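# A closer look at the structure
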Amino acid sequence: MIVGIDLGTTNSLVAYYKDGEAHLIPNRLGKELTPSVVSVNEKDEILVGEIAKEYGALHPSSMARTFKRDMGTKNTYTLKGHEFTAEELSSFVLKSLKEDAESFLGCEVDEAIISVPAYFNDKQRKATKRAGELAGLKVSRIINEPTASAISYGVGDEDKMERVLVFDLGGGTFDVSILEYFCSIMEVHAIAGDNHLGGEDFTRVLMDMFIKKIHVNEADLDLITKNRIYKEAEKAKISFSKNKEVVIAMDVNSVFYEETFTIDEYEKECLPLLERIRIPIEKSIYDAKITLDDIDRVILVGGASRMPMVRQFVKKMMKVYPDYYVDPDTSVSQGCALQCGMKARDKQIEEMILTDVCPFTLGCEVIRYNGSFEESGHFLPIIERNTVIPVSKKQTVYTAYDDQEKVNVKVLQGESRMARNNLLIGEVSIEVPKAPKGEEAIDITYTYDVNSLLEVEVEVLSTHEKKKIIIQNEENKISEEEAQERLEKLQYLKQNPREDEENYFVITKGNRLYEQAIGNDREVIEQAIMNFEHVLSTGSRLEIERARKRTLELFEEMDHQESVGYFS
Ligand code: AMP
C-alpha cells in the first residue's frame, strides 16, 4: 500500500487515495496532525508527536523540533546522550506515521510519496528519501509542497495550460511559488519567501496590544505568564477570523483583566506585516519574468492564510479571488495522496523541478562610472538568484587605472547593489601586464553546481594566464558512507510501542501539568495519575479505555498552558 506524507516543519500528516479522493489518516491519538517532534525518554525510548511534545515540556533538552530546517546537513541533536541528525529524527516521525497508517488501513504500508519545500536542494531531497527508507518505506517520489497543493486544488485534472501562484503562510515562514502546468508537466518557475514571517507574528501583534492596554511592562513578566498571554492572543487572533470583536480575559500577576479589541484596530496594527507579504510575491513574479496579470489562479495554503485580512490583501494585490476551499493545513498531504492515486492509474503529473536553483545572486565587486565620477564598491551580478543549476556564466571586466598590475576579484553573494552589503565568500587575484586604463581585459567565469560548489576562474585575455578557486558550503557536506554508518548505529534504539502510547501520553501530560500546577490542582492531578496507573496495572482493556478517556478529559480541562511555549 502506498501513502502520501506531508513531512512538515511543525506538523506532519499522512493520507491515502481511495475512490478518486484523498483521505487523511488519524494518528494513534485520533488526530490528523502529528507534531514533528521527537523526544527520548528515560528508558531510551523514542517518542514522536504530541507525546514527545508533552514529554519535552518537562525535559526540553531531551526533545528536538523544527529539525526539518537541518535536513541534509551534518548538524546533530543530542537527546539523552544520543546524537541524531535531522534525517534520523525525520525517520522516527515517518515510522510513526507508517505505523498509524498500517493500523488504520489494516494492511502493510511499504511505499510513500513525500513532499518537500520547493527550495530544497538535491542533498535535502536525498536526505528526505533516506529518512523514508530508514523508516521502512520505499520512497517512490519526492514531490514539491506547492505542486502537491496545486494538485489538491485540481490543477492538472484538465489538460489546459495554467499558471498558479501558491501562497503558503504558515506559523513562522512564508513561501511563494509560481508554477506552470501544461501537458502533464508542472514546472516551478520561481520561488521566494520570508523565513521570518508567519502567523506567529500576527499573534505577537495582538499580544503586544494586550500588554499595552493593561499597562504592564513585558520585561516584568515571567516566561509562563508570557506564554499564557501568547496562547490567549493566539485564540483571540483565530476568533478574529469569524468575529469583528474579541475579548482577552485573564489573570496577569494576580490581577484580572478583560480587554476588548476590534478587528479594525487589530488590522491597522498588522499593516506592516501585510506589507511584508507583498515583497516575496513581487519578487517571484519578477523572477518568473511574468506580470501579475499572467497568473490564472492563486492558491492559499498554511494555517495563517485563514485570516480574512490576509485573503483580502491577496485579492486586492493579485486582482483575482484566491482559492481556499481545501483545508490549508491538509492540502499538501491531500495532494501527495492524489499523486499516489495518479501513480496507480499511470497518469502522473511530472515535475520539471526547479530543484536546484542558486538561491542567491553571485557576483563580484567592481568600479562604476556614475555619470560624473568613478565610484568603487559596486556589485556586479554574474549568476542571478533563481538560476537553474548547474550553470556557468562569464563577465568581462577591464583594468580600472593606468599601469594596474593586479586585479583582485572579490566573490560576493547577495542582492544589494553595493558590494559592502553582500557577503564576501572568497577572493582571487591575478597579475596583469601594465597598460593604460581599460586596455587589459579579464574574463571572470562563475560555475555553480548541484553540490553548492562555486568555481571562480579568472583569465587575462592578453596573456591567457588563468587562476581558479573553488568555494564550497562546508556546512552542508555529508557523505553517503557517513550517513549509512549513522543509520546503522540507530538500530538498537527502539520506538515506544504503539499500543502503550495513548496511555503513556496521558501520564506524560499529567506529569507535565503537575509540574506546572500548584496547591490543590497538584493533588487532583496526582490522584488522577495514580488512579489511572492503578487501572493500567489491573484493569481490562475496556476499563483502561474508559479511565484513559476520563483522565484525559480532566487533564485537557486543566491544561490552560501551551505544552511547548512560544517563548523558550
Ligand atoms: P501552519 O504552520 O500552516 O500550521 O500555520 C499555523 C499558523 O496558522 C499559526 O500561527 C496559527 O495561529 C494560524 N492559524 C490557524 N488557524 C487560523 C485561523 N482560523 N485564523 C487565523 N490564524 C490561524
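Quick look at the structure, then.

Criteria and cut-off values
- Residues numbered from 1 in each chain as written.
- Predicted model: local features only at pLDDT ≥ 70, side-chain atom pairs only at ≥ 80, totals over all residues.
- Heavy atoms only, no water.
- Helix = DSSP H or I, 4+ residues; strand = E, 2+ residues; numbered from the N terminus.
- Expected span 1.5 Å × (residues − 1).
- Buried < 20%, exposed > 50% of the residue type's maximum accessible area, 1.4 Å probe, protein only.
- Arc of directions from axis to C-beta.
- Near = heavy atom within 4 Å.
- Polar contact = N/O pair within 3.5 Å; in protein donor to acceptor, adjacent residues only side chain to side chain.
- Areas by Shrake-Rupley, 256 points an atom, 1.4 Å probe, with all protein chains shown as cover.
- Nonpolar A, V, L, I, M, F, W, Y, C, P; charged D, E, K, R; others polar.
- Pairing = 2+ DSSP bridges.
- Salt bridge = Lys/Arg side-chain N within 4 Å of Asp/Glu carboxyl O.
- Axes fitted to C-alpha atoms, helices over the stretch in contact; angles between N-to-C directions.
- Parallel < 35°, antiparallel > 145°, perpendicular 65-115°, else oblique.
- Left-handed = near helix turned anticlockwise from the far one by under 90°.
- Contact = heavy atoms within 4.5 Å.
- Phe/Tyr/Trp six-rings, centres within 6.5 Å; stacked < 30°, edge-to-face > 60°.

### Regarding helix α12 (residues 519–538)
An ideal rise of 1.5 Å per residue puts 28 Å on 20 residues; α12 measures up with 29 Å between its terminal C-alpha atoms. Along α12, the residues classified as buried are Ile525, Ala528, Ile529, Phe532 and Val535. Buried positions in α12, seen along its axis, are confined to an arc of 125 degrees and lie on one side of it. Of the exposed residues in α12, those oriented more than 90 degrees away from the buried face are Asn520, Glu523, His534, Ser537 and Thr538.

### Remarks on the site of the ligand
Surveying the vicinity of the ligand reveals 14 residues, the closest of which are Gly171, Glu234, Lys237, Ser241 and Gly303. Interatomic distance of 2.8 Å between a backbone N/O atom of Gly303 and an oxygen atom of the ligand. For the ligand, whose free accessible area comes to 510 Å², the fraction covered by protein is 79%. At three residues, the largest contribution of residues to the shell around the ligand is made by helix α6 (residues 223–239). Its residues placed into classes, the shell around the ligand shows three nonpolar, six polar and five charged.

### Considering unusual backbone geometry
The phi torsion at Asn253 lies on the positive side, around 50 degrees, for a residue other than glycine. By the element assignment, Asn253 lies in the loop between β15 (245–252) and β16 (255–262). The phi dihedral of Lys289 is positive, around 55 degrees, even though this residue is not glycine. We classify Lys289 as exposed; its relative accessible area is 73%.

### Notes on the pairing of β15
Look at any regular strand and the pattern is simple: side chains alternate between the two faces of the sheet. Residues Val246, Ile248, Met250 and Val252 of β15 are buried on one face, while the alternating residues Glu245, Val247, Ala249 and Asp251, pointing to the opposite face, are not. As paired elements, β15 and β16 share eight bridges and run antiparallel to each other. Across the sheet, the residue bridging to Val247 is Thr260, located in β16. Following β15, the chain reverses through two residues before pairing antiparallel with β16; Asn253 in that reversal takes a positive phi of roughly 50 degrees.

### A word on the pattern of salt bridges
In this structure the tally under the stated criterion is 29 salt bridges. Of the charged contacts, one joins Glu111 and Lys343 as a salt bridge, the two residues approaching to 2.9 Å between their closest N and O atoms. Separated by 232 residues along the polypeptide, Glu111 in strand β10 (residues 111–116) and Lys343 in helix α9 (residues 331–344) bring together distant segments of the chain. Of the residues examined, Glu111 reaches a relative accessible area of 14% and is grouped as buried. For Lys343, a relative accessible area of 28% gives the class partly exposed. A salt bridge links Asp327 to Arg306, with the shortest nitrogen-to-oxygen separation between them at 2.9 Å. Of this pair, Asp327 sits in the loop between α8 (308–318) and α9 while Arg306 sits in the loop between β17 (297–301) and α8; the two residues are 21 residues apart in sequence, bridging distant segments of the chain. Sharing partners across several salt bridges, the network here consists of Arg28, Glu99, Asp100 and Glu501.

### Some points on helix α4 (residues 145–152)
Extensive coverage of α4 is indicated by the burial of eight of its eight residues. Along α4, the residues that are buried comprise Glu145, Pro146, Thr147, Ala148, Ser149, Ala150, Ile151 and Ser152. One or two residues past the end of α4 sits Gly154, with phi positive at roughly 85 degrees.

### Details of the packing of helix α5 (residues 199–213) against α6
Contact geometry of α5 with α6 gives a least axis separation of 8 Å together with a crossing angle of 110 degrees. In terms of orientation, α5 and α6 fall into the roughly perpendicular class. Like other packed secondary-structure pairs, α5 and α6 cross with a definite hand, here right-handed. Counting all contacts with α5, which are made through Gly199, Glu200, Phe202, Thr203, Arg204, Leu206, Met207, Phe210 and Ile211, the residues of α6 involved are Lys226, Ile229, Tyr230, Ala233, Glu234, Ala236 and Lys237. Partitioning the contact of α5 with α6 into residue classes produces nine nonpolar, two polar and five charged.

### What to know about the packing of α4 against α9
Helix packing for two helices is described by the angle between their axes and how far apart those axes are. Where α4 meets α9, the axes come as close as 7 Å, and the angle between the chain directions of the two elements is 75 degrees. Put simply, α4 runs roughly perpendicular to α9. Residues Glu145, Ala148, Ser149, Ile151 and Ser152 of α4 lie in contact with α9, whose contacting residues are Ser331, Val332, Gln334, Gly335, Cys336, Leu338, Gln339 and Met342. When its residues are assigned to classes, the contact of α4 with α9 shows six nonpolar, six polar and one charged.

### Details of the packing of aromatic side chains
Taken as a whole and assessed by the stated rule, the structure comprises six aromatic pairs. Ring centres of Phe84 and Phe92 lie 5.4 Å apart, and the angle between their planes is 90 degrees; on these two criteria the pair is classed as edge-to-face. By relative accessible area, Phe84 is classed as buried at 0%. Accessibility expressed as a relative area gives 7% for Phe92, which makes it buried.

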